[in-house]
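Here's the letter readout for the chains.
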Amino acid sequence: MSKPHFHIAYKWLIFSVTAIGVFMSTLDGGIVNIALPVMAKDLGVTLERIQWVVTVYLLTTTCFLPVFGKLSDMYSRKYLYLTGFLLFGVGSLLAAFAHSLAWMIFSRAVQGLGASAMISNCQAIIAKAFHGKDRGRALGGIGAMVAIGFLAGPTLGGLLIEQWGWQSVFWINVPISLFGIWRGIQIIPLFMSHQKVKMDFTGAICFILFSFCFLYALDEGSTQSWTSALIMGAFALSALFFVGFYMREQKSPAPFIGLSIFKIQAISYGCIVSVLGFIALNCNSILFPFYMADILHLTPVQMSLLMLPFPAALAVCSPISGWLSERYSARLITTVGFGFLIIGASMFVCIGTHPSFSYIVAAQMIMGCGSGTFQAPNNNTIISAAPAERLGMVVSLSALARNMGAVMGIALSVLIFSTMKRYLLAHAAPQQEAFMSAYQASMTFCICCCVLAGYFSAAREKRKKRKKQPRGFYETTTA
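## Quick notes on the overall build of the protein chain
Helix and strand counts for the protein chain come out as 18 helices and zero strands. Here the C-alpha radius of gyration of the protein chain, 22 Å, is about what a compact globule of 479 residues would show, namely 23 Å. Buried residues in the protein chain amount to 54% of all 479 residues. Counting only contacts in the protein chain whose residues sit at least 6 apart along the sequence, the fraction spanning at least 24 positions is 83%. Summed over all atoms, the accessible surface of the protein chain reaches about 20,600 Å², with 70% contributed by carbon and sulfur. On the protein chain, the mean spot of the 33 positive side-chain charges and the mean spot of the 16 negative ones are 14 Å from each other.

Following this line, the structure appears as structure tokens:
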């Protein structure tokens, strides 16, 4: 079946609609985190309980990624993506009227479903619109939109809360969602679905429950005792549901994911690279603020300024790496990205207790360059290897790998840090020395993940060159 071909200007109009969804979902994370203390006070709950506003959004978004990926292979990607906008807008509207924690958690779950639908379809829509060399540039642009969302979130959130209260951080999503739906109806083509693709609901339920229990245990294990009955029980349930999911995948005539997809090396190695890369990135993102507060004793304003170089470098390097992947081997660029991450993480290992601001800015920028350099080419490699009838599922698995890596990075780095610090304090080490040794141990773990990710990046096979496609004008719908 032939591929759709679009005029170059029309391709970037399609990109603009997908960029709106990516920007909104990224922006929301930073804004809501800023609003948590005020929200907790207004709703009359503790800071420990208000964290569920973030947790339920993360769990819902991640667990349902393969579900929406599968649905996008069965039905129209356009309408599933627009459904994501609608759910996100409705969830935001409900959250703005929330008067209790239970209402807020429900609203955030609806938002999470919307974000999951958008994330699982965004890159699939780009993959259908962009072919060959143009795709790397488009995926790099999506990485830049993620970085811009991270940059704008805390600043915009602070301004909104100060002027109109915490409800305004949800109100802002409503007009953006409506605008995205309006432009999506006008611009996104009605790509044909694959009628032969079927949904295995038993396999889907087992996978959702496995993902929920596993991610919950990882997320809560970093704040509770890893050996508590709750955490151990969650891990045990996740293992049970995974066994059920695996057995169902082997027996079902139409498996939910179809594990045979991982026999394609570009997909399996690409997902491993994503998991390891995002473990490494989140090792420092969770611990660095504590280093600035406990060791450097910086003010919140100074801390926020020193966090900016990372997303700024990410915003610049993502489109550049996408452009470079059009001309050079994607695996080479991805591997170079991990080289940057190794250098940046090594600088944090050697940071000491009295670094200059320029040293911190340089280390943050190098880490941001590494993140921006490896993501777009790696995503392009995964997407380009996907069979046409399973594109949505492969895109959602790639997003799932990133989210899993992020949660695992936070959990494992905190585990290493807290275990090392507790051990050193128990052996009469000074507080500052214990902190720095624990921080260095976590960043050494980060380097190990980068080295391993670099190995898998370099070891995967080269993708065969495709014949150059003609640049046609806008066509409507073909799979």
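Having put the structure on the table, let's press on.
## Remarks on the side chain of arginine 108
Position of arginine 108 relative to the elements: it lies in helix α6 (residues 101-129). When sequence neighbours within four positions are dropped, the list of residues in contact with arginine 108 reads Asp28, Val32, Val53, Val54, Val56, Tyr57 and Phe170.

## A few points about the state of the cysteines
Inspection of every chain in the model, using the stated rule, returns zero disulfides. Note on cysteine 317: no disulfide assigned, nearest cysteine sulfur contributed by cysteine 369 at a separation of 3.3 Å.

## Let's talk about helix α14 (residues 309-324)
Three or four residues apart is the spacing at which side chains of an α-helix point the same way, because the helix has 3.6 residues per turn. Across its 16 residues, α14 extends 22 Å between first and last C-alpha, which sits within 8% of the 22 Å expected from 1.5 Å per residue. Its axis deflected by about 25 degrees at cysteine 317, α14 carries its strongest bend there, up to four residues before the proline proline 319. Those residues of α14 that fall on the buried side of the exposure criterion are Pro309, Pro311, Ala313, Leu314, Ala315, Cys317, Ser318, Ser321 and Gly322.

## Digging into the packing of aromatic side chains
Evaluated as defined, the whole model comprises 20 aromatic pairs. For the pair phenylalanine 212 and tyrosine 216, a centre-to-centre distance of 6.4 Å together with 5 degrees between the ring planes defines the contact as stacked. Taken together, the residues phenylalanine 212 and tyrosine 216, both in helix α10 (residues 201-221) and four residues apart, mark about one turn of the helix. On the accessibility criterion, tyrosine 216 (14% relative accessible area) is buried. A ring pair is formed by phenylalanine 288 and tyrosine 291, whose centres lie 6.1 Å apart and whose planes are at 20 degrees; its orientation type is stacked. In this pair, phenylalanine 288 and tyrosine 291 are both assigned in helix α12 (residues 265-294), three residues apart and thus about one turn of the helix distant. Taken together, the ring pairs in this structure connect Phe207, Phe210, Phe214, Phe235, Phe242, Phe245 and Phe256 into an aromatic cluster.

## Things to note about the nonpolar core
Looking at soluble globular proteins, one finds that nonpolar side chains tend to be buried together. Residues Tyr81, Phe85, Ile126 and Phe256 are the most contacted members of the largest nonpolar core, which totals 69 residues. Top element by residues in this core is helix α17 (residues 391-426). It accounts for 11 residues. Setting aside residues no more than four positions away along its own chain, isoleucine 126 makes contact with Phe15, Thr18, Ala138, Leu139 and Ile142. By size, the runner-up hydrophobic cluster in this structure holds 39 residues, among which are Phe288, Leu296, Cys449 and Cys450.

## Description of a nonpolar patch on the surface
Among the surface-exposed residues, Tyr328, Leu332, Val336, Phe340 and Ile343 lie close enough to one another that they form a single nonpolar patch of about 470 Å² accessible area. Note that phenylalanine 340 resides in helix α15 (residues 330-349). Overall, phenylalanine 340 belongs to the partly exposed group, its relative accessible area being 33%.

## Some words on unusual backbone geometry
A positive phi is found at histidine 297, a non-glycine position, where the angle reads about 55 degrees. For histidine 297, the location among the structural elements is in the loop between α12 and α13 (300-307). Phi angles above zero are rare outside glycine, and alanine 428 is one such case at about 65 degrees.

## Description of the pattern of salt bridges
All told, the structure shown has one salt bridge when counted by the stated rule. Aspartate 200 is the salt-bridge partner of arginine 248, the closest N and O atoms lying 3.0 Å from each other. Highlighted residues: arginine 248 in helix α11 (residues 229-251) and aspartate 200 in the loop between α9 (173-187) and α10, separated in sequence by 48 residues. On the basis of relative accessibility, which here comes to 31%, the residue arginine 248 falls in the partly exposed class.

Conventions we followed
Residues numbered from 1 in each chain as written. Predicted model: local features only at pLDDT ≥ 70, side-chain atom pairs only at ≥ 80, totals over all residues. Heavy atoms only, no water. Helix = DSSP H or I, 4+ residues; strand = E, 2+ residues; numbered from the N terminus. Rg over C-alpha atoms; globule rule 2.2 N^0.38 Å. Buried < 20%, exposed > 50% of the residue type's maximum accessible area, 1.4 Å probe, protein only. Contact = heavy atoms within 4.5 Å. Areas by Shrake-Rupley, 256 points an atom, 1.4 Å probe, with all protein chains shown as cover. Lys, Arg positive; Asp, Glu negative; His and termini not counted. Charge placed at Lys NZ, Arg CZ, Asp CG, Glu CD. Disulfide = S-S within 2.5 Å. Expected span 1.5 Å × (residues − 1). Bend = angle between axes of the 7 residues up to and from the residue. Phe/Tyr/Trp six-rings, centres within 6.5 Å; stacked < 30°, edge-to-face > 60°. Core = buried A, V, L, I, M, F, W, Y, C linked by side-chain atoms within 4.5 Å. Patch = residues over 30% accessible without salt bridge, like charges linked within 9 Å, V, L, I, M, F, W, Y side chains within 5 Å. Salt bridge = Lys/Arg side-chain N within 4 Å of Asp/Glu carboxyl O.

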